[in-house]
Amino acid sequence: SSGINAEYGGPEGKSVYKGSRESSGKYAFSAYMDGEYHYCFSNGMSKMTSKVVMFNMDIGEGAAAAFEHGKDSIDKDHDKLAEQLGELRTALVSVKHDQEYMEVRDRTHSIINNSTNTRVVWWAFFEALVLLAMSLGQIYYLKRFFEVRRVV
């Protein structure tokens, strides 16, 4: 499939990111100023097929800003511990997002699998009916073919 177009924009209409024909990916950016940021997803490349767009958005202070904020109150050992905790939190959030994504994929594939199985069952039923009709037609034709006709 051809994917979707994604665009992220900031205040004053400034574009933060533009992507074309993307099927998956991760993107992070820091807000360069206060204001409203927008996300736009487009299926313009393939209007005949529908797409499901899933995204997660985490808003918060960056690791450096959070680290600088409390620097006066903790010593170097605590600085290192705080940095490692920040990295662990980021990794856990990433794992959580990946699990959510896999759950959505699992549900989607389950729906597709069930739909395909239903179609196969209906097709087999249709084939059985056609086979039965052909068999009955052949029996009727053979009976008529071997029937003795008398001329009076």
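Predicted model, so just to flag it, every value in this text is computed and none were measured.

A. Region of the structure containing the overall build of the protein chain. Each helix and strand counted, the protein chain has two helices and three strands in total. In sequence order, the secondary structure elements of the protein chain are arranged as β-β-β-α-α. Every one of the 152 residues in the protein chain was classed for burial, and the buried ones make up 8%. Long-range pairs, those at least 24 residues apart, make up 47% of the contacts in the protein chain between residues at least 6 apart in sequence.

B. A look at the sheet that holds strand β3 (residues 38-42). The strand order β2-β1-β3 describes an open sheet built from three strands, whose pairing is antiparallel. Only two strands of the sheet have a single neighbouring strand rather than two, namely β2 (15-22) and β3. Each strand axis lies, on average, 10° off the axis of its neighbour in the sheet, ignoring direction. In the sheet, strand β1 (residues 4-9) pairs with β3 via five bridges, with the strands oriented antiparallel. Bridging across to β3, Asn5 finds its partner in Ser42.

C. Expanded view of a nonpolar patch on the surface. A grouping of Trp122, Phe125, Leu129, Leu132, Leu136 and Ile139 is seen on the molecular surface, where their side chains present a nonpolar patch of about 670 Å² in accessible area. If you trace the backbone, Leu136 turns up in helix α2 (residues 76-145). Overall, Leu136 belongs to the exposed group, its relative accessible area being 52%.

D. A look at the pairing of β2. By the bridge criterion, five bridges tie β1 to β2 in an arrangement that is antiparallel. Among the inter-strand pairings, Gly9 is bridged to a residue of β2, identified as Ser15.

E. Quick look at the confidence of the model for the protein chain. Confidence in the prediction of the protein chain, expressed as mean pLDDT, is 84, and 89% of residues score 70 or more. Within the protein chain, the element-level pLDDT minimum falls on helix α1 (residues 63-69), averaging 51, and the maximum on α2, averaging 92.

F. Fine view of unusual backbone geometry. At Glu12, a position not held by glycine, the phi torsion is positive, near 65°. Its place among the elements puts Glu12 in the loop between β1 and β2. Since its relative accessible area comes to 73%, Glu12 is described here as exposed. Even without being a glycine, Arg21 presents a positive backbone phi close to 55°. By the element assignment, Arg21 lies in strand β2.

Definitions and cut-offs
- Residues numbered from 1 in each chain as written.
- Predicted model: local features only at pLDDT ≥ 70, side-chain atom pairs only at ≥ 80, totals over all residues.
- Heavy atoms only, no water.
- Helix = DSSP H or I, 4+ residues; strand = E, 2+ residues; numbered from the N terminus.
- Buried < 20%, exposed > 50% of the residue type's maximum accessible area, 1.4 Å probe, protein only.
- Contact = heavy atoms within 4.5 Å.
- Pairing = 2+ DSSP bridges.
- Axes fitted to C-alpha atoms, helices over the stretch in contact; angles between N-to-C directions.
- Patch = residues over 30% accessible without salt bridge, like charges linked within 9 Å, V, L, I, M, F, W, Y side chains within 5 Å.
- Areas by Shrake-Rupley, 256 points an atom, 1.4 Å probe, with all protein chains shown as cover.
- Salt bridge = Lys/Arg side-chain N within 4 Å of Asp/Glu carboxyl O.
- pLDDT = per-residue confidence, 0-100.

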